Amino acid sequence: MESHGVVIVGGGIGGLCAAIALRQAGLDVAVYERTAAWRHAGAGLSLWPNAMRALEALGLAGEVAALGAPWRQTVIHRWDGKVLSRLPVEVLCRELGQPTLVLHRAELMRVLLEALGPDGVFPGAACTGFHREGDGVRIDFADGRQVRGQCLIGADGLHSVVRQQLFPDVRVRYGGRTSWRGIVDVTSTPIPEGEQFEIYGPGARFGICHIGPGASGSKRMYWFLLTAAPEGGCDPEGGHKEAVLSHVRGWMAPVESLVHATPEAEILRTDIHYLAPLPSWGDGPVSLLGDAAHAMVTDMAQGACQAIEDALVLARRLREDTDKVRALRAYESRRRPRTAHVAELSLRAGALRYLRNPLGRWGRDLLMRALPPAVALNQLRPVVAHDFMG
Ligand SMILES: Cc1cc2nc3c(=O)[nH]c(=O)nc-3n(C[C@H](O)[C@H](O)[C@H](O)COP(=O)(O)OP(=O)(O)OC[C@H]3O[C@@H](n4cnc5c(N)ncnc54)[C@H](O)[C@@H]3O)c2cc1C
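Sequence order as written defines residue numbering, which begins from 1 separately in each chain. The predicted nature of this model means local features are confined to residues of pLDDT at least 70 and side-chain atom pairs, given and counted, to a pLDDT of 80 or more, with totals for whole chains, interfaces and linings taken over all residues. Where side-chain values are given, they derive from all heavy atoms of the structure, hydrogens and water being excluded.

**Considering the overall build of the protein**
Under the DSSP-based scheme used, a helix requires at least four consecutive residues in state H or I and a strand at least two consecutive residues in state E, with every element numbered from the N terminus. Looking only at helices and strands, one finds 13 helices and 17 strands in the protein. Taking the principal axes of the C-alpha coordinates as reference, the protein spans close to 65 × 45 × 45 Å. A buried classification covers 56% of the 390 residues belonging to the protein. By definition in these notes, contact holds between two residues if any of their heavy atoms fall within 4.5 Å. By sequence separation, contacts in the protein at least 24 residues apart represent 72% of the contacts at least 6 residues apart. Counting every atom, the protein has about 16,100 Å² of accessible surface; 54% of that belongs to carbon and sulfur. Considering the protein, the positive charge centre built from 43 side chains and the negative charge centre built from 41 side chains are found 5 Å apart. Exposed residues in this analysis have more than 50% of their type's maximum accessible area, buried residues have under 20%, and partly exposed residues fall in between, with area computed by a 1.4 Å probe over protein chains only. For every accessible area listed, the method is Shrake-Rupley and the probe measures 1.4 Å; residues are considered covered only by the protein chains on display. In this tally Asp and Glu are treated as negative and Lys and Arg as positive; neither His nor the chain ends contributes. To locate a charge, take atom NZ for lysine, CZ for arginine, CG for aspartate or CD for glutamate.

**Digging into the sheet that holds strand β5 (residues 73-78)**
Here seven strands make up an open sheet; going across it, the order is β6-β5-β13-β14-β15-β12-β16 and the pairing mixed. One side of each edge strand has no neighbouring strand; the edge strands of this open sheet are β6 (83-87) and β16 (267-274). When the angles between neighbouring strand axes are averaged without regard to direction, this sheet yields 20°. Note: strand β14 (residues 204-211) against strand β15 (residues 219-228), eight bridges, orientation antiparallel. Bridging across to β15, Phe-206 finds its partner in Leu-225. Strands qualify as paired when DSSP identifies two bridges or more between them. Note on geometry: axes are C-alpha line fits, over the in-contact stretch for helices, and angles between N-to-C directions span 0 to 180 degrees.

**Thoughts on the site of the ligand**
Taken together, 32 residues surround the ligand, and among them Gly-14, Glu-33, Ser-46, Arg-105 and Asp-291 come closest. A 3.5 Å cut-off defines polar contacts: any pair of N or O atoms within that distance qualifies, except that in protein one atom must be a possible hydrogen donor and the other a possible acceptor, and neighbouring residues in sequence count only when both atoms are side-chain atoms. In the model, an oxygen atom of the ligand is placed 3.3 Å from a nitrogen or oxygen of the Ile-13 main chain. Contact distances for the ligand include 2.9 Å between an oxygen atom and a backbone N or O atom of Ala-304. Burial of the ligand by the protein amounts to 87% of the accessible area it has alone, namely 1,000 Å². Elements with a minimum of two residues in the shell around the ligand: α1 (13-24), β3 (44-47), β12 (173-186) and α10 (303-320). Taken together, the residues that form the shell around the ligand break down as 14 nonpolar, 12 polar and six charged. Only heavy atoms are used to decide nearness, and a residue is near a molecule or strand if one of them lies within 4 Å of it. Three classes are used: nonpolar for Ala, Val, Leu, Ile, Met, Phe, Trp, Tyr, Cys and Pro, charged for Asp, Glu, Lys and Arg, and polar for all others, with Gly counted as polar.

**Examining the nonpolar core**
Ile-8, Leu-47, Leu-55 and Val-64 are the most contacted members of the largest nonpolar core, which has 100 residues in total. In terms of residue count, the dominant contributor to this core is α10 (nine residues). Residues contacting Leu-55, with those up to four places away along its chain left out, are Cys-17, Leu-47, Leu-60, Ala-61, Val-64, Leu-112 and Ile-308. Each nonpolar core is a collection of buried residues, namely Ala, Val, Leu, Ile, Met, Phe, Trp, Tyr and Cys, held together in the definition by side-chain atoms within 4.5 Å. Formed by 23 residues, the second largest nonpolar core is a distinct cluster that contains Ala-204, Met-221, Val-244 and Ile-267.

**Digging into helix α7 (residues 240-248)**
Turning to α7, its buried residues are Lys-241, Ala-243, Val-244, Leu-245 and Val-248. Structurally, α7 contributes buried residues whose contacts are with β12, β14, β15, α8 (255-261) and β16. Taken from the residues just after α7, Gly-250 is the one with a positive phi, measuring 85°.

**Some points on the state of the cysteines**
When two cysteine sulfur atoms lie within 2.5 Å, the pair is treated as a disulfide. Throughout the structure, instances matching the rule amount to zero disulfides. Considering cysteine sulfurs only, Cys-127 is the nearest to Cys-151, which forms no disulfide, with 15 Å between them.

**Side note on the packing of aromatic side chains**
Ring geometry is summarised as follows: Phe, Tyr and Trp rings, the Trp one being its six-membered ring, pair when their centres sit within 6.5 Å, and such pairs are stacked at plane angles under 30 degrees, edge-to-face over 60 and tilted between the two. What the rule picks out here adds up to six aromatic pairs. Between Tyr-32 and Phe-141 the ring centres are 4.9 Å apart and the planes differ by 35°, which places this aromatic pair in the tilted class. Taken together, the positions of Tyr-32 in strand β2 (residues 29-32) and Phe-141 in strand β10 (residues 136-141) put the pair 109 residues apart, joining distant regions of the chain. Note on Tyr-32: relative accessible area 1%, which makes it buried. Overall, Phe-141 belongs to the buried group, its relative accessible area being 4%.

Structure, rendered in structure tokens:
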């Protein structure tokens, strides 16, 4: 039976960053990933200075920054084009010496996989469960293979098998909204470089971001729509674009033209789920990381950023303590309050964004216009400036 110091189940952003950090810390680590084609999935991804700092510690910040587009300012509009507020994100970036970036998730995955190298990454391995064996763990896979680890890290995302075995009563919660995301090639940029537009309409929020250039050097934009919706809805085949347009017809330019220009196959629909903070993250030599431990709604764009922070803290604790079980508990006690706080802020950030009621929207828009940018920056600062390694 194959055996490793640390077995990571799940090769998403969290699992791969953890593997890189653990290997840099001198530990023997292997990643087992369910799908074979997982590396190409996804759309745009924002990385805040906290994530960039962690990537810098992994030696990958420069490479990642070269693939992304800087996000310096958010301009929030009402659906008809009226500007409600501006958030100068670059103020925080300057303070922290790190950029905020938007890039294609698949390109981040490529950088992480290259950094890790092919050894120790096993695609097509779907974990079905684990068993404690002596002072380690035996991990079972759907194809019958079994692997032994001194530790097991469940980085297997929202519907984590490892979490379900640890905490069978825990259920993911529906965030009350669904998302569509698209990436589109453009000949000229429809919004100023460095800006991100957010556009609020009845029950919906549309975002437009620059994303780094495509393989052919083409300019690309990333857009997303989030709208209040019942859980489990799906679009008819070939119907993503029409579903998006049904929410944004008549909205300010370039919303409709971007959606029209996006190939149907480049549009993804995803319901937004989250976890209430877990009572603990592990047991013995088993722990959780990333969405498996703390899936959060997307309103602060911090889910992946927090997974990257987790990776650094996990590696440091496992490097510093030869008692692996104690190191895992130390990692959890460091990360649980931080991620619960960011998850709570994310829920709060979304509370006023998807209002349908005209009076409620009028009040919210008034508040947004009145609020000085410094107030929003002060709310964001502790999230992106947090000293997660301290
Ligand atoms: C619409 C949307 C927009 C978002 N935008 C942002 C953003 O801008 N910035 C940000 O920071 N975050 C964002 N997030 C959140 C972010 O995507 C997640 O927090 C992040 O992907 C979590 O990484 P992870 O590695 O923990 O989990 P995942 O990315 O879910 O990876 C888990 C991996 O485990 C694998 N796996 C699952 N089950 C098994 C199994 N049984 N055996 C083996 N492998 C398994 C999966 O195939 C997958 O590769 C967004 C999320 C959504 C839905």
